[in-house]
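Spelled out, the chains give:
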Amino acid sequence: YRESIVLGQTWCEQTQINAIIQRMREDKFIGDNYHLANRNCNHFTETLALALILGNDLLEDSGVAKTLERYPAWVNRLARAGTTFVLDEDRVCDVVAEARVAAGVKGKGGWAL
């Protein structure tokens, strides 16, 4: 433990949070997919935070930046450097794409009302 970092606020209800975690579990974040550089606990927390905080803003054409301003770059710096040498790109965590799946907005377009 180094420090706590406030990333933002979510308005999700407990059932929505449970659904996001379940979609993450079913999609890519399962035990045998763990990899120290390509899919680790920091990838999980960044993906979860994006899904919880940005939610519908993760829609392809929402016009909103798909990053968390307060997520420190140093958190996964070594892992990001290691992924430049990976041949199997499907094993590398795409945080934004996987957050879209987790938030349930993958494949949706237009305005979320």
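These lines cover the structure that appears in this document, whether it is placed above or below. What you are looking at is a predicted structure, and each value in this text was computed from that prediction instead of being measured.

Turning to the nonpolar core, a few remarks are in order. Membership of the largest hydrophobic core comes to 21 residues, with the highest contact counts inside it found for Ile-20, Met-24, Leu-50, Ala-51, Leu-58 and Leu-68. Broken down by secondary-structure element, the contributors of at least two residues to this core are α1 (14-27), α2 (41-54) and α4 (95-103).

Quick look at the pattern of salt bridges now. For the coordinates displayed, the defined rule picks out one salt bridge. The residue Arg-39 makes a salt bridge to Glu-98 at a minimum N-O spacing of 2.7 Å. With a gap of 59 residues between them, Arg-39 in the loop between α1 and α2 and Glu-98 in helix α4 connect regions that are remote in the sequence. As far as burial versus exposure is concerned, Arg-39 and Glu-98 are alike and both buried.

The tally for this structure, following the rule as stated, stands at one aromatic pair. With centroids separated by 5.4 Å and ring planes inclined at 80°, the aromatic side chains of Phe-29 and Phe-44 adopt a geometry described as edge-to-face. Of this pair, Phe-29 sits in the loop between α1 and α2 while Phe-44 sits in helix α2, and the two are 15 residues apart along the sequence. Given the relative accessible area of 16%, Phe-29 is considered buried. Sitting over the ring of Phe-29, Arg-39 keeps its end group 5.3 Å from the ring centre.

Calculation criteria
- Residues numbered from 1 in each chain as written.
- Predicted model: local features only at pLDDT ≥ 70, side-chain atom pairs only at ≥ 80, totals over all residues.
- Heavy atoms only, no water.
- Core = buried A, V, L, I, M, F, W, Y, C linked by side-chain atoms within 4.5 Å.
- Buried < 20%, exposed > 50% of the residue type's maximum accessible area, 1.4 Å probe, protein only.
- Helix = DSSP H or I, 4+ residues; strand = E, 2+ residues; numbered from the N terminus.
- Salt bridge = Lys/Arg side-chain N within 4 Å of Asp/Glu carboxyl O.
- Phe/Tyr/Trp six-rings, centres within 6.5 Å; stacked < 30°, edge-to-face > 60°.
- Lys NZ or Arg CZ within 6 Å of the ring centre and 35° of its normal.

The values are spatial; any link to function lies outside them.
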